[in-house]
Amino acid sequence: MIQLMTIADDDTLHTYDHINQTAIKEAKWWWADFNNPTEDEIRKLDTELHFHPLAIEDCLYSMQRPKLDYYDDFAFFVTHTMGPETFNQYEIDFFVSTRFIVTFHFEPLTEIQATWDRMNEHTNISKWDPYHVFYKVMDHVVDNYFPVIAELEDLITEVDENTENKSMDVLLENLFELRHQLLELRHAIHPIRDLFYRILYSHRLKGIEEHREYFADIYDHLLKLSEMINSNREISNDIRDNFISMNSYQQNKVIQILTVITSIFAPLTFIAGIYGMNFVNMPELNWHFGYLIVMVIMFALSIGMIIWFKKKGWFG
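Structural notes, computed from the coordinates.

The rules behind these values
Numbering of residues starts from 1 in every chain and runs along the sequence as written. Per-residue local features of the predicted model are confined to residues with pLDDT of at least 70, and side-chain atom pairs are confined, for both listing and counting, to 80 or more; whole-chain, interface and lining totals are unaffected and use all residues. Hydrogen atoms and water are omitted, and side-chain values are computed over all heavy atoms in the structure. Helix and strand definitions here come from DSSP, where helices need a minimum of 4 consecutive H or I residues and strands a minimum of 2 consecutive E residues; each element is numbered from the N-terminal end. As defined in this context, the radius of gyration uses C-alpha atoms, and a globule is described by 2.2 Å times the residue total to the power 0.38. Each residue is placed in one exposure class: buried if its accessible area under a 1.4 Å probe, protein chains only, is under 20% of its type's maximum, exposed if it is over 50%, and partly exposed if it falls in between. With residues, only the protein chains shown are counted as cover, and all accessible areas are computed by Shrake-Rupley using a 1.4 Å probe. Only four residue types enter the charge count, namely Lys and Arg as positive and Asp and Glu as negative; His and the chain termini do not. By convention, charge coordinates are those of NZ in Lys, CZ in Arg, CG in Asp, or CD in Glu. Method remark: on a 1 Å grid restricted to protein atoms, a set of points is classed as a cavity if a 1.4 Å probe fits but cannot get out and as a pocket if it is open with protein on both sides within 12 Å along at least five of seven lines; lining residues have an atom within 4 Å of a point. Grid points are joined across faces, edges and corners, and a volume is the space filled by probe spheres set on the points. Strand pairing is defined by DSSP finding a minimum of two bridges between the two strands. Axis lines are fitted to C-alpha atoms, over the contacting stretch for helices. Their N-to-C directions set the angle, which ranges from 0 to 180 degrees. Here, residues are in contact when the closest pair of their heavy atoms is within 4.5 Å. We define a salt bridge as a side-chain nitrogen of Lys or Arg found within 4 Å of a carboxyl oxygen belonging to Asp or Glu. Like charges are joined within 9 Å and nonpolar side chains (Val, Leu, Ile, Met, Phe, Trp, Tyr) within 5 Å, but only among residues with over 30% relative accessible area and no salt bridge; these make up the patches. Two rings from Phe, Tyr or Trp (for Trp, the six-membered ring) form a pair when their centres are within 6.5 Å of each other. A pair whose planes differ by under 30 degrees is stacked, one over 60 is edge-to-face, and the rest are tilted. Note on geometry: a ring has a charge over it if NZ (lysine) or CZ (arginine) is within 6 Å of the ring centre and within 35 degrees of the ring normal. Residues adjacent in sequence count toward polar contacts only when both atoms are side-chain atoms; beyond that, a polar contact is any pair of N or O atoms within 3.5 Å, and within protein one must be able to donate a hydrogen and the other to accept it.

The subject of this paragraph is the overall build of the chain. A tally of regular secondary structure across the chain gives 10 helices and seven strands. A compact globule built from 316 residues should have a C-alpha radius of gyration of about 20 Å, whereas the chain, at 36 Å, is more than 25% larger. A principal-axis box enclosing the C-alpha atoms of the chain has dimensions of 125 × 35 × 35 Å. A buried classification covers 41% of the 316 residues belonging to the chain. Total accessible area on the chain is roughly 18300 Å²; 54% of this is exposed by carbon and sulfur atoms. If you average the places of the 25 positive and of the 48 negative side-chain charges in the chain, the two averages end up 9 Å apart.

Pasting the structure below:
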């Protein structure tokens with residue numbers, strides 16, 4: 001589907017559901033949105049809008065790394081947004097010049113639609129231009145990451161506090177899933193952050209200079225997002241290390257108790273083993289009180305070892 005919006009010299013706005021060459025030529029500037037376009041609509045990038053073949057190729061091969069390419073009469077941007085529920089990344093491509101902006105994407109995106117609707121509802125669009133549209137879309141993209149990270153922070157806190165008394169295995173499984181999602185976010189945000197750093201300090205984007213403070217604000221948000229991701233990964237690392245240390249401590253306590261029990265029964269097993277041998281001429285076998293004496297010795301030996309282990313602190 002193609003949507004076309006043209007802004008005339010008197011700042012009146014007109015919309016079309018196709019590429020209208022007459023309206024484009026008469027417009028002060030225009031915005032065309034390619035939303036999940038068909039093959040025929042994709043060909044219009046070349047046949048009617050005459051964009052460079054390499055830029056069109058980058059649009060067709062999805063999940064390009066965020067980047068900026070310069071062409072004779074426009075700049076080409078590749079950026080990503082992320083689905084808040086599935087953590088799938090979606091590519092958004094921009095063709096931007098001082099006279100037009102073209103957005104290209106294969107999935108319906110709320111960031112694009114929200115900007116489009118706002119322009120239609122705005123009573124005064126004299127301050128809008130293609131780079132302002134680019135800023136608005138990317139501002140929505142970046143702002144949508146904050147609720148996702150805030151939700152992950154809450155989930156990490158729940159794992160740390162463990163108010164539901166979940167088992168260690170379940171907590172570690174949840175924690176590793178959260179760390180994976182944080183890694184997905186970092187892979188999505190860091191390349192965009194680097195892209196905006198390049199945008200801010202490029203001398204070939206004249207339209208950026210007029211909106212520098214807006215794009216600097218987005219860059220600041222991306223820096224904050226990066227810091228939040230790194231901070232949460234460090235917190236998750238600490239929680240993971242604490243869980244592993246606690247699990248190792250519990251295992252050591254179990255091994256220690258089993259060692260104490262084994263140590264107590266080792267001499268008793270030795271004594272029982274001796275008197276369990278089937279030799280005829282063994283001494284003490286004919287003692288009248290032999291059984292009682294051996295049992296008292298074994299009992300005293302057990303009590304003595306328990307007292308000794310307790311003094312050594314083996315019982316915690």
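On to empty space enclosed by the protein. If you walk through the whole model with that rule in mind, you get one cavity of 30 Å³ or more. Considering only enclosed or pocket space, the largest cavity measures out at about 40 Å³ in volume. Around the largest cavity, the lining residues are T81, M82, V141, N144, Y145 and V148. Within the residue set of the lining of the largest cavity, elements represented by two or more residues are β5 (75-82) and α6 (145-161).

All right, on to the sheet that holds strand β2 (residues 13-16) then. Pairing is mixed across the open sheet formed by seven strands, whose spatial order is β2-β1-β3-β7-β6-β5-β4. Whereas interior strands pair on both sides, the edge strands pair on one side only; in this sheet they are β2 and β4 (67-70). Averaged over neighbouring strand pairs, the angle between their axes works out to 15 degrees when direction is ignored. Of the pairings in the sheet, the one linking β5 to strand β6 (residues 89-96) comprises eight bridges and is antiparallel in character. By the bridge assignment, T79 is partnered in β6 with I92. Seen against the sheet, helix α2 (residues 39-47) touches β1 (2-7), β3 (29-35), β6 and β7 (100-105) and runs at an angle of roughly 145 degrees to β7.

This paragraph deals with the pattern of salt bridges. A full pass over the atoms with the stated rule returns six salt bridges. With a closest N to O distance of 2.6 Å, K28 and D11 form a salt bridge. Of this pair, K28 sits in the loop between α1 (21-26) and β3 while D11 is found in the loop between β1 and β2, placing the two residues 17 residues apart along the sequence. Among the residues examined, K28 registers a relative accessible area of 33% and is labelled partly exposed. The shortest N-O distance in the salt bridge between E48 and K44 comes to 3.0 Å.

Moving on, we get to a negative patch on the surface. A grouping of E151, D154, E158, D160 and E161 is seen on the molecular surface, where their side chains present a negatively charged patch. Mapped onto the secondary structure, E158 falls in helix α6. Residue class for E158 comes out exposed when judged on its relative accessible area of 51%.

Taken as a whole and assessed by the stated rule, the structure comprises 19 aromatic pairs. Sitting over the ring of Y201, R212 keeps its end group 5.2 Å from the ring centre.

Tracing the backbone shows W29 in strand β3. With relative accessibility at 2%, the residue W29 sits in the buried group. Between the C-alpha atoms of W29 and W308, which are 279 residues apart in sequence, the distance is 90 Å. If we skip the residues at most four places from it in the chain, W29 touches M5, T6, I7, T98, R99, I101, M119, W128, D129, P130 and V133. There is a polar contact of 3.4 Å between the side chain of W29 and the backbone oxygen of W128.

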